[in-house]
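These are the residues of each chain, in order.
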Amino acid sequence: MSTEALKQSPAPSSLRLVMTLAIAGLVSGVAIIGIYESTLPTITANKARELREAVFKVLPDDVSAMQPLVYRDGTFMTVEEPEKDEPVVYGGYDEQGDFVGYAMPGAGPGFQDTIALLYGYLPGEKKVVGMEILESRETPGLGDKIYKDADFVAEFSDLSVEPEIVALKKGTTTQPNHVDAITGATISAKAVVRIINETHVAWAEKLPAPGTEPPFEGEPADNGTAQ
Amino acid sequence: MKKNESYEEFVKGIWRDNPVFVQVLGMCPMLAVTNSAINAIAMGMASMFVLVGSSFLVSLFRHVIPKQVRISCFIIIIATFVTIADYTLLALVPGVHKELGAFIPLIVANCLILGRQEAFASRYPTRLAVMDALGMAGGFMLALFSLGAVREILGDGALFGFRLFSENFEPWIVMILPPGGFLTLGVILLFFNWFKYKKDEFLADVAEAERSGS
């Protein structure tokens, strides 16, 4: 920096001010587009992998493939890529391509902010077989037990949805549709149960009769990593 | 240019003019994301990247940018670096990005960063500006880490996710909640001021002793 650049005149012209900002904005815009374009594939792949892992986690172990399913114009069908904000469930299939169960995403208000979750559902037995919290800002140490407390998460590994899931005080659960709530985090625990119930009701009419689920389409290996 | 000069610019940010403990800047991320050591470090790294990058560019172009539009230009430069940091974290460490949430974009509004551009980078040569930025960011990271470590150890009984105590340890949940941030910061600031007070007292004693001795 030994050669001093042009000295500033006391009052530079307006054109110079505008040009400086325009050039700065242009360079900044190009840099932002560059970083967006270069990180987008990784970000999309990460999201797809996370979803895939969550789907396999909430469904029984023999599930080895998944595909997105939507309800459009009165029919329940397979799509390549669900539209933005379109309600979607994921069908889980075993190695022979036979249908096993659905992974159903649901979201609703928790104690602090929206809780987004995914649960595994077997329509034949009308049972929830797994639950994974995807997003939550519940209080650390209390509300976050909805995903940190292994006992609570295990409550959802074999749970009847008929007539609906009920969260009760610990130790008072007797029926297959009862869940032990978490001491100190009752609101968060009840929110999880409510989200699952609401999602179940919203889809109940749309899901096809057990045994008539859409067949698996595409190769098991690369399906699900939607781009 | 003396060699000591850049060293001096680096060290002042770490301790004497520490941005958090002495200048009390950047309080928002300081209190919000220091509930665990790893979050604190990630926030510190992101801020360091933005501060060093912005200081370098601002200092490089300090004779080109007309002073009437300097603040806008600083903000454009800072915002660009913040966006780059945001996408990079999202792509490389999605878990940490999720924890830090809105506080990554909010680095734009960290007055520490804009403050260094206005007070230092826009007036000094590039080498000194980068050293100053490294020092300030280092001091900021040190502060974030000391808060994050204390809060994670007391509030979760762990450091960087490793359990430090037996199962019998009852975590002080309040420490990882917002009040814990205020409590810890208050205690640390108390220590800093006490330390400064004691040092001044000591220097006064020495001066007194020298005077009576001579």
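What comes next concerns the included structure. (Residues numbered from 1 in each chain as written. Chains lettered and ligands numbered in written order. Predicted model: local features only at pLDDT ≥ 70, side-chain atom pairs only at ≥ 80, totals over all residues. Heavy atoms only, no water.)

Considering the environment of Ile78(B)
Here is step 1: With respect to the helices and strands, the residue Ile78(B) is situated in helix H4 (residues 70-92).
Here is step 2: Setting aside residues up to four positions removed in sequence, Ile78(B) forms contacts with Val50(B), Ser54(B), Val108(B), Ile113(B), Leu114(B) and Gln117(B). (Helix = DSSP H or I, 4+ residues; strand = E, 2+ residues; numbered from the N terminus. Contact = heavy atoms within 4.5 Å.)

Side note on the sheet that holds strand S3 (residues 89-93) of chain A
All names here are of chain A.
Here is step 1: Pairing within the open sheet is antiparallel, and its 7 strands lie in the order S2-S1-S3-S4-S5-S6-S7. The open sheet has two edge strands, strand S2 (75-78) and strand S7 (159-160), and neither has a second partner.
Here is step 2: Direction of pairing for S3 relative to strand S4 (residues 99-109): antiparallel, over a ladder of 4 bridges. Across the sheet, residue Gly91 finds its bridge partner in S4, namely Tyr102.
Here is step 3: Packing of helix H1 (residues 14-58) onto the sheet brings it into contact with strand S1 (65-72), S3, S4, strand S5 (114-122) and strand S6 (127-135), and relative to S6 it is tilted by some 150°. (Pairing = 2+ DSSP bridges. Axes fitted to C-alpha atoms, helices over the stretch in contact; angles between N-to-C directions.)

Things to note about the pairing of S4(A)
Residues and elements named next belong to chain A.
Here is step 1: Adjacent in sequence and paired antiparallel, S3 and S4 are bridged by 5 residues, among which Gly97 carries a positive phi angle near 85°.
Here is step 2: Here 8 bridges tie S4 to S5, and the two strands are oriented antiparallel to one another. Counterpart to Pro105 in the pairing with S5 is Leu118.
Here is step 3: Counting the residues that bridge the hairpin from S4 to S5 gives 4 residues.

Comments concerning the nonpolar core
Grouped burial of nonpolar side chains is what soluble globular proteins tend to show.
Here is step 1: The biggest cluster of nonpolar side chains holds 39 residues, and the ones touching the most others in it are Val20(B), Phe21(B), Met30(B), Val50(B), Leu100(B), Ile107(B) and Leu185(B).
Here is step 2: Broken down by secondary-structure element, the contributors of at least two residues to this core are helix H2 (27-32), helix H3 (37-60), H4, helix H5 (94-100), helix H6 (111-121), helix H7 (126-156) and helix H9 (178-213) of chain B.
Here is step 3: Considering every element that reaches this core, the biggest residue donor is H7(B), with 9 residues.
Here is step 4: Judged by nonpolar contacts, the second largest core, of 34 residues, contains Ala65(A), Tyr102(A), Met104(A) and Leu207(A). (Core = buried A, V, L, I, M, F, W, Y, C linked by side-chain atoms within 4.5 Å. Buried < 20%, exposed > 50% of the residue type's maximum accessible area, 1.4 Å probe, protein only.)

Read these as geometric descriptors, not functional statements.
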